[in-house]
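Residue-level structural notes
In case you want the letters, here they are:
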Amino acid sequence: METLFALLPIVLVLVGFALAALFWAIKSGQFDDLEGPAYRILHDDDDPRIPFNRQGEKEGERAEDGGEEGQRDKDRPAGS
């Protein structure tokens, strides 16, 4: 019985923390869009407006413009 009196306040404090975390998550918008992240992976990321893809294009353009790397690739026979 003494253990029950000791555990009851601890459980009430933990439930209070859990409820506070739940209300904080709801208030901050964590549950606003539940389906968006699931569909986001299906979208094509080859859009040149994405900064990561623009960087890759610039590196490829440098090689095609006749830089050292591009020149070496042109001089190599196919398949090597």
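Everything below is about the structure printed above this text.
Here's a quick rundown of the structure. Counting from 1, residues in each chain are numbered in the order their sequence is written. A pLDDT threshold of at least 70 governs which residues receive local features in this predicted model, and a stricter bar of 80 or more applies before side-chain atom pairs are shown or counted, although totals over entire chains, interfaces and linings include all residues. The side-chain numbers reported here are obtained from all heavy atoms of the structure, hydrogens and water having been left aside.

**Description of the overall build of the chain**
Along the chain, the regular secondary structure elements total 4 helices and 0 strands. Going from N to C terminus, the chain has its helices and strands arranged as α-α-α-α. To sort residues, take the accessible area from a 1.4 Å probe on protein chains only and compare it with the maximum for the residue type: under 20% means buried, over 50% means exposed, and anything in between is partly exposed. Evaluated residue by residue, the chain yields a buried proportion of 5% over its 80 residues. Using a 1.4 Å probe, the Shrake-Rupley method yields the accessible areas, and only the shown protein chains count as cover for residues. As displayed, the chain has an accessible area near 7700 Å², and 61% of this comes from carbon and sulfur atoms. Only DSSP runs of H or I with at least four residues qualify as helices, and only runs of E with at least two residues qualify as strands; both kinds are numbered from the N terminus onward.

**Section: helix 1 (residues 2-27)**
For a helix, the expected span equals 1.5 Å multiplied by the number of residues minus one. Its 26 residues give helix 1 an end-to-end C-alpha distance of 38 Å, which sits within 8% of 38 Å, the value for a rise of 1.5 Å per residue. A positive backbone phi angle near 90° is found at Gly29, which sits one or two residues after helix 1.

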